[in-house]
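The lines below spell out each chain.
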Amino acid sequence: MSITVSKLRTSAVVGAVLLVGLMSLNASRAAFSGSTENAPNEWAAGSVVLVDDDAGVPLFDDLTNLVPGDTETDCIEVSYTGTVDAQVRVHGTTTAGTGLDGYLDLTIARGTGTCAAFVPSVTVWDGTNGDLGVFLSTATDYSTGVDTWSVTGGLPNEMVPFRVTATVQDDNGAQGLDTTVTFTWEGQNT
Amino acid sequence: MTVRTGSGETPRMRPIAAAGYVVASLYVYLLVALAGVAIALPMIVGMSAFVISSGSMSPALSVGDVVVASEPTIGSVAPGSVVVFENPVDPDTWVTHRIVGSNADGSFISRGDANLQVDSTPVDMGQIVGIGRVVVPHIGLPAHWLAQGRFVLLGLWAVVTLSSVAFMRVFERIHRRSDDAEVDSQNGGYDDTDLVVDLNVDDPVGVRQTDKIPVSLASKMGKPAATLLVFVASFVLIVASTAPTRAAFSGSTVSTGNSLTAAPTFGSIEFVQTVDTVVCGGSSSVLIVPPGGIPSGDTLLIRIALSGARVDSTVTISDGFNSYLVDADVSRRNRARMVVARANIDVALQEGDLITVSHPDVRAESVTADHFSGLADAAPIAVDMTSGRSATPSADVVAPGGTSLAYGAVANVRNVTHSEASGWTTIPLIGSSCPRQLDNVAAYRVASFAGPIDYTTTLNRTTNWVEALIVYAAG
């Protein structure tokens with residue numbers, strides 16, 4: 001038996017058909033296997049990565065006995081180390097409390113430089129937007145987040161400091177209330 | 001004469017060339033088959049096709065994969081499903097992520113496999129346009145490159161593909177006789193694919209001709225060209241019939257546990273009670289200390305409201321033990337006058353002790369004493385005295401800061417209603433008519449800031465009034 005073009009072609013066609021089936025079946029099974037335990041691929045190229053310098057310490061670290069006019073300011077340096085261009089927004093949520101967030105004036109400012117040498121650059125949130133309670137009820141996720149810090153993927157990594165200030169309003173209604181808040185800086189690729 | 005153009009020598013088929021032909025053919029037919037599945041499958045089963053254009057679902061889905069998705073139905077979306085849904089950030093685009101949970105309100109939690117955090121926006125059933133059923137890998141890459149303007153990549157792919165087709169065509173052309181030779185060797189010579197012309201001059205009857213050569217597969221030169229047309233058309237169709245989805249990489253960092261707690265009461269300043277009130281007392285009013293007394297360290301604020309009094313008429317206060325100092329004295333001709341005096345109690349007063357307030361005998365008066373704790377034994381840190389004829393008595397001070405008591409006192413002609421701005425605690429109004437009508441009003445607030453403080457009370461009619469706004473430091 002000799003090798004003919006027909007035989008070569010036939011084997012190519014058969015091979016292609018088998019491959020299509022195998023590839024689609026395999027890809028479909030892998031993608032739709034129903035597992036929710038896929039380990040996040042931390043090394044995936046084209047990722048959005050944000051880090052901060054707070055070492056797990058809250059900006060407002062267990063402040064108690066606050067009275068009207070008391071004001072607390074703290075600063076956090078947020079760095080973007082992702083590989084794709086993205087836009088970073090700020091949103092928040094309250095994880096516990098009796099409503100003090102409605103009596104706290106909130107200011108969030110993005111600056112240049114570092115926390116130690118903060119130069120204000122953009123007003124992300126201030127009194128004209130509402131108090132902390134308004135922030136927590138409106139900026140709840142990325143799509144409703146505030147600020148539009150645009151970052152570019154790749155090196156050099158970009159860092160900006162954010163200064164967050166809370167001031168107790170002069171209202172006796174705040175007496176004895178408390179709140180525990182999470183601030184989230186989230187980026188999505190553009 | 002017989003001419004036979006059948007099998008003769010065919011070019012030797014080199015093994016490398018043959019292997020190359022198989023590889024090229026495999027590639028081209030694979031392309032066609034994948035494209036066919038990606039287009040035909042959705043059409044046959046009534047589904048939609050989407051091209052993955054970002055890697056946030058890797059490794060399950062890669063850029064260029066085509067996802068064939070079915071219509072979402074209640075119950076078909078569950079944790080583990082890969083779904084295509086409207087991008088909450090840009091509703092004209094789509095996102096392909098995996099459902100990893102659900103919320104109490106029925107909405108779903110989604111996450112790209114390659115993202116560390118779940119998507120921060122929940123996905124409603126109404127936003128889901130398809131549930132992934134089949135993946136046709138890689139076949140959407142040219143469509144993706146075209147959409148992204150990656151013309152270099154697109155061009156390279158076109159060159160590789162066209163070269164493969166050209167190679168196939170050349171190979172088939174060169175070795176078309178190999179098919180012929182194979183058939184001939186089985187038939188011992190000739191078959192009906194061979195052209196046989198019999199020009200027998202000895203047969204005057206005629207020329208015997210075989211039938212026309214049936215065109216063998218090997219000689220169909222047009223086949224590779226047709227193949228090329230098919231998959232060019234396929235890719236055009238894929239571009240037209242699939243939709244690019246953004247798999248939306250996301251990442252975040254948080255500051256958690258920010259906890260703030262307000263003091264149970266603001267400052268240690270407390271309003272204990274109104275000690276006593278005397279109206280229409282004549283030329284003096286005697287206040288009686290109630291049960292509980294007034295401990296040392298606490299403060300008494302005496303409010304004397306007069307109508308028809310001259311500005312220079314004297315007011316004196318005595319309890320026999322403590323000294324009383326006038327902190328504010330404001331009048332509007334003889335219409336109304338308010339005096340606020342303070343005693344920082346050194347010698348405690350007991351129940352039944354008397355505080356005697358001497359004042360001119362005028363046409364209306366009321367005297368009252370408010371008992372506060374937590375005030376410093378010191379002069380006021382800010383005072384404003386105003387008067388006017390309107391429906392909104394008002395005074396302003398600038399507090400220097402630190403926990404303090406702002407105490408506003410108003411005396412107005414006529415008995416009217418009052419309403420304060422929020423944040424102020426009202427001390428019950430004292431009205432007198434002896435015979436002239438007079439109101440004696442006060443309100444207070446505890447504050448801790450440096451800045452303006454305003455005390456305005458709204459009356460239900462215009463009248464003459466005087467107001468004193470005094471700020472006392474805590475201590």
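Placed above this text is the structure.
What you are looking at is a predicted structure, and each value in this text was computed from that prediction instead of being measured.

Visitor: It is not clear to me how the overall build of chain B should be interpreted in this structure. Could you clarify?
Guide: The secondary structure content of chain B amounts to five helices and 27 strands. When each of the 475 residues of chain B is scored for burial, the buried share is 49%. Counted over contacts in chain B with a minimum sequence separation of 6, partners at least 24 positions apart contribute 75%. Accessible surface for chain B amounts to roughly 20700 Å². Of this, 58% is attributable to carbon and sulfur atoms.

Visitor: Teacher, can you tell me more about the environment of Ile304 of chain B here?
Guide: Residues and elements named next belong to chain B. Counting through the fold element by element, Ile304 comes out in strand β14 (residues 299–307). Spatially, the C-alpha atom of Ile304 lies 5.7 Å from that of Met338, the residues being 34 residues apart in sequence. Contact partners of Ile304, with chain neighbours within four places excluded, come to Val315, Ile317, Arg337, Met338, Val339, Val357, Ser366, Val367 and Asn440.

Visitor: Any chance you could explain the sheet that holds strand β13 (residues 284–288) of chain B here in plain terms?
Guide: All names here are of chain B. With respect to topology, three strands assemble into an open sheet ordered β13-β18-β15, the strand pairing being antiparallel. Whereas interior strands pair on both sides, the edge strands pair on one side only; in this sheet they are β13 and β15 (316–318). Mean inter-strand twist for the sheet, computed between neighbouring axes without regard to direction, equals 15°. Alignment of β13 against strand β18 (residues 354–358), held across five bridges, turns out to be antiparallel. Within β18, the position partnered with Ile288 by the bridge is Leu354.

Visitor: Just checking my understanding: could you explain the packing of aromatic side chains for this structure?
Guide: For any pair of aromatic rings, the description consists of the separation of the ring centres together with the inter-plane angle of the planes. All names here are of chain B. A complete count under the given rule lists 12 aromatic pairs over all chains for this structure. Summarising the aromatic geometry, the rings of Phe50 and Trp94 are spaced 5.7 Å apart at their centres and angled 75° between planes, so their arrangement reads as edge-to-face. Separated by 44 residues along the polypeptide, Phe50 in strand β2 (residues 48–52) and Trp94 in strand β5 (residues 94–102) bring together distant segments of the chain. On the accessibility criterion, Phe50 (5% relative accessible area) is buried. Among the residues examined, Trp94 registers a relative accessible area of 27% and is labelled partly exposed.

Visitor: Sorry, what's going on with the nonpolar core here?
Guide: Taken as a class, soluble globular proteins show a tendency for nonpolar side chains to be buried jointly. Core analysis: the largest hydrophobic core is formed by 39 residues, its most contacted members being Phe135, Trp149, Phe162, Phe183 and Trp185 of chain A. The greatest single-element share of this core, amounting to five residues, is contributed by strand β8 (residues 158–168) of chain A.

Visitor: Which parts of the structure should I look at to understand the state of the cysteines?
Guide: What makes a disulfide is a covalent bond joining the sulfur atoms belonging to two cysteines. One pass over the full model with this rule turns up two disulfides over all chains. Between the sulfur atoms of Cys75 of chain A and its disulfide partner Cys115 of chain A the distance amounts to 2.0 Å. A torsion of -85° about the S-S bond marks the disulfide between Cys75 of chain A and Cys115 of chain A as left-handed. Of the two residues, Cys75 of chain A sits in strand β3 (residues 71–80) while Cys115 of chain A sits in the loop between β5 (104–113) and β6 (118–125), which places them 40 residues apart along the sequence. The class of Cys75 of chain A is buried, set by a relative accessible area of 18%. The disulfide bridge from Cys280 of chain B ends at Cys434 of chain B, spanning 1.9 Å between sulfur atoms. With the S-S bond torsion at -75°, the cross-link from Cys280 of chain B to Cys434 of chain B turns out left-handed. With Cys280 of chain B in the loop between β12 (270–279) and β13 and Cys434 of chain B in the loop between β24 (425–433) and β25 (437–447), this residue pair connects regions lying 154 residues apart in the sequence. Among the residues examined, Cys280 of chain B registers a relative accessible area of 36% and is labelled partly exposed.

Visitor: Where do I start with a nonpolar patch on the surface in this structure?
Guide: On the surface, Val152, Leu153 and Leu156 of chain B cluster together to form a nonpolar patch covering roughly 280 Å² of accessible area. Structurally, the position occupied by Val152 of chain B is in helix α3 (residues 151–174).

Visitor: Looking at this structure, I do not really get the pattern of salt bridges. What am I missing?
Guide: Oppositely charged side chains can form a pair if their charged atoms are brought close together. Residue and element names in this part refer to chain B. This model, assessed by the stated rule, comprises seven salt bridges over all chains. In this structure, Asp370 engages Arg303 in a salt bridge whose closest nitrogen and oxygen atoms are separated by 2.8 Å. One end of the pair, Asp370, is in strand β19 (residues 364–373); the other, Arg303, is in strand β14, and 67 residues separate them in sequence. The residues Asp370 and Arg303 share a single accessibility class, namely buried.

Visitor: Looking at this model, I keep getting lost on the pairing of β5 of chain A. Mind explaining?
Guide: Two faces, one strand: in a regular strand the side chains alternate between the faces of the sheet. Residues and elements named next belong to chain A. Where β5 and β8 come together, seven bridges link them in antiparallel fashion. Bridge pairing in β8 links Arg110 to Phe162. Inspection of the sheet shows β5 paired to β6 by six bridges, in the antiparallel sense. Among the inter-strand pairings, Thr112 is bridged to a residue of β6, identified as Val119. In this structure, the hairpin formed by β5 and β6 is closed by a connection of four residues.

Visitor: Sorry if this is basic, but what is going on with a positive patch on the surface here?
Guide: A cluster of basic side chains, namely Arg333, Arg335, Arg389, Arg414 and Arg461 of chain B, defines a positive patch on the protein surface. Mapping Arg414 of chain B onto the fold places it in the loop between β22 (404–413) and β23 (418–420).

Visitor: What am I meant to see in the packing of helix α2 (residues 141–148) of chain B against α3 of chain B here?
Guide: Working note: a packed helix pair is described by the angle between its axes plus the distance between those axes. Residue and element names in this part refer to chain B. Between α2 and α3, whose axes approach to 8 Å, the crossing angle comes to 145°. Crossing geometry of α2 relative to α3 is assigned as left-handed. Note on element contacts: α3 touches α2 through Phe151, Leu153, Leu154 and Trp157, opposite Pro142, Trp145 and Leu146. Grouping the constituent residues of the contact of α2 with α3 by class yields seven nonpolar, no polar and no charged.

Visitor: Mind showing me how you'd approach the packing of helix α1 (residues 15–45) of chain B against α3 of chain B here?
Guide: All names here are of chain B. Here α1 crosses α3 at 125°, and the two axes come no closer than 9 Å. With respect to α3, the element α1 is oriented oblique. Crossing of α1 against α3: the hand is left-handed. Of the residues in α3, those in contact with Ala17, Ala18, Gly20, Tyr21, Ala24, Ser25, Tyr27, Val28, Tyr29 and Leu31 of α1 are Trp157, Val160, Thr161, Ser164, Val165, Phe167, Met168, Phe171 and Glu172. The residue makeup of the contact of α1 with α3, split by class, is 14 nonpolar, four polar and one charged.

Visitor: Would you explain the interface of chain A and chain B in this entry?
Guide: Taken residue by residue, the interface counts 82 residues in chain A and 74 residues in chain B. Summed over both partners, the interface of chain A with chain B comes to about 6500 Å²; 58% of that surface belongs to carbon and sulfur atoms. Counting across the interface, chain A meets chain B through two salt bridges. A salt bridge links Arg445 of chain B to Asp170 of chain A; the shortest N-O distance between them is 2.8 Å. In this structure, the connection of chain A to chain B is made through 20 residue pairs in polar contact (both at pLDDT 80 or more). Listing elements by their share of the side of chain A that touches chain B, those giving two or more residues are α1 (5–31), β1 (50–52), β2 (63–66), β3, β4 (86–97) and β9 (178–189) of chain A. Sort the elements by how many residues they give to the side of chain A that touches chain B and α1 of chain A lands first, with 17 residues.

Visitor: Even after reading the chapter, I still don't get the environment of Val289 of chain B, so can you show me in this structure?
Guide: Residue and element names in this part refer to chain B. Looking at the element boundaries, Val289 is found in the loop between β13 and β14. Assessed through its relative accessible area of 2%, Val289 is described here as buried. Through-space distance from the C-alpha of Val289 to that of Gln350 is 6.6 Å; in sequence the pair is 61 residues apart. Beyond its immediate sequence surroundings of up to four residues, Val289 is in contact with Val275, Ile294, Leu349, Gln350, Glu351, Gly352, Asp353 and Ile355.

What counts, and where the lines are drawn
Residues numbered from 1 in each chain as written. Chains lettered and ligands numbered in written order. Predicted model: local features only at pLDDT ≥ 70, side-chain atom pairs only at ≥ 80, totals over all residues. Heavy atoms only, no water. Helix = DSSP H or I, 4+ residues; strand = E, 2+ residues; numbered from the N terminus. Buried < 20%, exposed > 50% of the residue type's maximum accessible area, 1.4 Å probe, protein only. Contact = heavy atoms within 4.5 Å. Areas by Shrake-Rupley, 256 points an atom, 1.4 Å probe, with all protein chains shown as cover. Pairing = 2+ DSSP bridges. Axes fitted to C-alpha atoms, helices over the stretch in contact; angles between N-to-C directions. Phe/Tyr/Trp six-rings, centres within 6.5 Å; stacked < 30°, edge-to-face > 60°. Core = buried A, V, L, I, M, F, W, Y, C linked by side-chain atoms within 4.5 Å. Disulfide = S-S within 2.5 Å. Patch = residues over 30% accessible without salt bridge, like charges linked within 9 Å, V, L, I, M, F, W, Y side chains within 5 Å. Salt bridge = Lys/Arg side-chain N within 4 Å of Asp/Glu carboxyl O. Lys, Arg positive; Asp, Glu negative; His and termini not counted. Charge placed at Lys NZ, Arg CZ, Asp CG, Glu CD. Left-handed = near helix turned anticlockwise from the far one by under 90°. Nonpolar A, V, L, I, M, F, W, Y, C, P; charged D, E, K, R; others polar. Parallel < 35°, antiparallel > 145°, perpendicular 65-115°, else oblique. Buried area = accessible area lost by both parts, 1.4 Å probe. Polar contact = N/O pair within 3.5 Å; in protein donor to acceptor, adjacent residues only side chain to side chain.

None of this, on its own, says anything about what the molecule does.
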